[in-house]
Amino acid sequence: MMKKFLVIIAVLAMTMVSSVAMAEITFDGSVEFLMRSVRNTTDWNEKTTNAGDFTQTYERLRFGINAKHEGVKARIQMETDWDTWADGQTAASPNPGFETRPTNDFYPREAWLDFQIPGAAPAHVKVGRQFLQLGNGWFFRSGKYGSDAWVVGLPGKNTVAFVNVKASENATSRADDTDAYVLLDTFKIDDKNTVGAYIVHVKDRAGVWTNNAFFGGNTAQAKETTLDNLGLHYSGKVGPVNLMAELDFQSGTIKSLPTATMVTADTSYKIKGMQAVLQANMSMDALAVRATAAMGTGNDPASTANEITEYLAFLDKDPHYTLVYEYFMVTAAGGKNTGFANTTALSLGADFKISKMFTVGADLWMLKATEKVSINGDPADTELGNELDVKFNVALYDQLSWNTTYGMFMPGKAYEAAAKADNVTAWQSVLSYKF
């Protein structure tokens, strides 16, 4: 029986090889282990039981297949995203005790086709689940789980492209999807400098994204939202300094339901947000220094106008600039992974390569709310606090690394209630092997 099974497997393998003999097939993947411990992220009081305290160990597996044939490329990448260790220890398990079982799904992170339109070179189409970023990535970035999208472009020194991102299907029997339509133009001035602009029109036909972002999801009040974002960006090199700059302006309308309890009937909110981000870095042998200055608008608590002046970003679930403030805590915009929404930030950091194996680094962030905010009770204030992130990276082998970051956020008055807010700490360590 075993011999018959092996013969069947061999025949199937030979059939697959013959069917793709004309294509170039490559494989890649990674095995990663994440350990982290976070303390005091919920009420910022060390003397109370804090629901935000946790210690976790995870594993993440990724496996990718790449195909290339004539003018067509394709990629599929499957992953289990940070499967929690020991999550199967329950009394109902077949063998309760120390035996564990994985529970997370194995799902596609990437699944796309990229091909040149015959007779219309250099026009390209890329369709499917893919990683996308507009400009320098401070308005829209999907680098963790990807986005379902069509990209039609004319690559070259002056790249022009149209993008349709399907953000939410909602009810499959209704025309109530959430889509983003993008027109972009990126111009390469020379080998060192690039400028670009993009216009994004987001159509939230059923208010699904808006209700999650503004009204908490439980009291759904938005029936339709349109959001327009104009982004201007630059990346290049001026002397020894690498620079990146981005400027975004937003407009649009949120229409509320007549039955809303938090606003008057049929109220329309005008969207009026903007942000500016400037980043710089420079390398000097073993030392690399960097700095950031950024500002995103917030909602004025004293305003009585029906306006949303807070900048709205569509960012993935990875850290974007701080380990603690923007990744683990409630920010001045009221959530996590909110970018620079209602946040004004200044930072200075550096990395030093001790040897081929060891690199250390640190970043100091000074954070203020652009508009006053009360995160932990009255009174409202703009003082968010400061954060120090320390990094220690070890290159064990060419493809095996162990990177650790320790972050300490020192809250300001916006996080205080009756007493001074205590420090929030987190460390995160990732052992990663890529093949």
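Nothing here was measured: the structure is a model prediction, and the numbers come from that model. (Residues numbered from 1 in each chain as written. Predicted model: local features only at pLDDT ≥ 70, side-chain atom pairs only at ≥ 80, totals over all residues. Heavy atoms only, no water.)

Draft legend 1. Inspection of the overall build of the protein chain at higher detail. When helices and strands are tallied, the protein chain shows two helices and 20 strands. Here the protein chain holds 435 residues, and 37% of them are scored as buried. Sequence separation of at least 24 residues holds for 56% of the intrachain contacts in the protein chain that already meet a minimum separation of 6. Of the accessible surface of the protein chain, which amounts to about 23,300 Å², a share of 62% is contributed by carbon and sulfur atoms. (Helix = DSSP H or I, 4+ residues; strand = E, 2+ residues; numbered from the N terminus. Buried < 20%, exposed > 50% of the residue type's maximum accessible area, 1.4 Å probe, protein only. Contact = heavy atoms within 4.5 Å. Areas by Shrake-Rupley, 256 points an atom, 1.4 Å probe, with all protein chains shown as cover.)

Draft legend 2. Structural detail: unusual backbone geometry. Unusually for a residue other than glycine, Asn337 sits at a positive phi of about 55 degrees. With respect to the helices, strands and loops of the structure, Asn337 is situated in the loop between strand 15 (307-308) and strand 16 (344-353). According to the relative accessible area criterion, Asn337 is buried, its value standing at 10%. Its identity as a non-glycine residue notwithstanding, Asn342 has a phi of 50 degrees, on the positive side. As for its position among the elements, Asn342 is in the loop between strand 15 and strand 16. Relative accessible area serves as the criterion here: at 2%, Asn342 is assigned to the buried category.

Draft legend 3. Region of the structure containing the nonpolar core. In this structure, Tyr325, Phe340, Leu367, Leu384, Phe409 and Tyr415 are the most contacted members of the largest nonpolar core, which totals 27 residues. Broken down by secondary-structure element, the contributors of at least two residues to this core are strand 17 (358-373) and strand 20 (424-434). A total of four residues in this core trace back to one element, the largest contributor, which is strand 17. Judged by nonpolar contacts, the second largest core, of 24 residues, contains Leu132, Val151, Ala161 and Ile271. (Core = buried A, V, L, I, M, F, W, Y, C linked by side-chain atoms within 4.5 Å.)

Draft legend 4. Highlighting the pairing of strand 10 (residues 222-238). Both strand 9 (residues 194-204) and strand 10 contribute to a ladder of eleven bridges, which runs antiparallel. Bridge pairing in strand 10 places Gly196 opposite His233. Looking at chain direction, strand 10 and strand 11 (residues 241-256) are connected through 16 bridges and run antiparallel. By the bridge assignment for strand 11, Asn229 is matched with Gln250. Turn length for the strand 10-strand 11 hairpin, with the two strands adjacent in sequence and antiparallel, is two residues, and the turn residue Gly239 shows positive phi of about 65 degrees. (Pairing = 2+ DSSP bridges.)

Draft legend 5. Fine view of the pattern of salt bridges. In total, this model carries 20 salt bridges according to the counting rule given. A salt bridge links Lys203 to Glu224; the nearest nitrogen and oxygen atoms lie 3.9 Å apart. Of this pair, Lys203 sits in strand 9 while Glu224 sits in strand 10; the two residues are 21 residues apart in sequence, bridging distant segments of the chain. The partly exposed category is assigned to Lys203, whose relative accessible area is 21%. Several salt bridges share partner residues, and in doing so they unite Glu32, Arg60, Asp81, Lys144 and Asp318 into one network. (Salt bridge = Lys/Arg side-chain N within 4 Å of Asp/Glu carboxyl O.)

Draft legend 6. View of the environment of Ser283. Within the element layout of this structure, Ser283 appears in strand 13 (residues 274-284). Overall, the relative accessible area of 55% leaves Ser283 in the exposed class. A C-alpha to C-alpha distance of 9.0 Å links Ser283 and Asn242, two positions 41 residues apart in sequence.

Draft legend 7. Up close: a nonpolar patch on the surface. There is a patch of nonpolar side chains on the surface, built from Met284, Leu287, Phe352, Ile354, Met357, Phe358, Phe392, Leu396, Tyr397 and Trp402 and spanning about 910 Å² of accessible area. By secondary structure assignment, the location of Trp402 is in strand 19 (residues 400-411). Relative accessible area serves as the criterion here: at 36%, Trp402 is assigned to the partly exposed category. (Patch = residues over 30% accessible without salt bridge, like charges linked within 9 Å, V, L, I, M, F, W, Y side chains within 5 Å.)

Draft legend 8. Summary view of the environment of Ile25. Checked against the element boundaries, Ile25 lands in strand 1 (residues 24-39). For the pair Ile25 and Arg75, spaced 50 residues apart in the sequence, the C-alpha separation amounts to 9.9 Å.

Draft legend 9. Fine view of the side chain of Arg36. Its place among the elements puts Arg36 in strand 1. Asp318 provides the closest opposite charge to the buried, unpaired Arg36, separated from it by 8.0 Å. At 3.4 Å, the side chain of Arg36 and the side chain of Tyr327 are in polar contact. Setting aside chain neighbours within four positions, we find Arg36 in contact with Phe54, Thr55, Gln56, Tyr58, Tyr327, Phe328, Trp427 and Gln428. (Lys, Arg positive; Asp, Glu negative; His and termini not counted. Polar contact = N/O pair within 3.5 Å; in protein donor to acceptor, adjacent residues only side chain to side chain.)

Draft legend 10. Region of the structure containing the side chain of Thr178. With respect to the helices and strands, Thr178 occurs in strand 8 (residues 178-188). Classification of Thr178 by relative accessible area gives buried; the value is 4%. A polar contact is formed between the side chain of Thr178 and the side chain of Asp204, at a distance of 3.0 Å. When near neighbours in sequence (up to four residues on either side) are disregarded, Thr178 contacts Val165, Lys166, Ala167, Ser168, Asn170, Lys203, Asp204 and Arg205.

Draft legend 11. The arrangement of the packing of aromatic side chains in detail. For the structure shown, the criterion picks out 17 aromatic pairs. Here a set of aromatic residues connected by ring pairs shows up, and it is made of Trp138, Tyr321, Phe340 and Trp365. The ring of Trp112 carries Lys126 above its face, with NZ or CZ at 4.2 Å from the centroid. For the cation-ring pair, Arg141 lies above Trp138, with the distance from its terminal atom to the ring centre recorded as 4.9 Å. (Phe/Tyr/Trp six-rings, centres within 6.5 Å; stacked < 30°, edge-to-face > 60°. Lys NZ or Arg CZ within 6 Å of the ring centre and 35° of its normal.)

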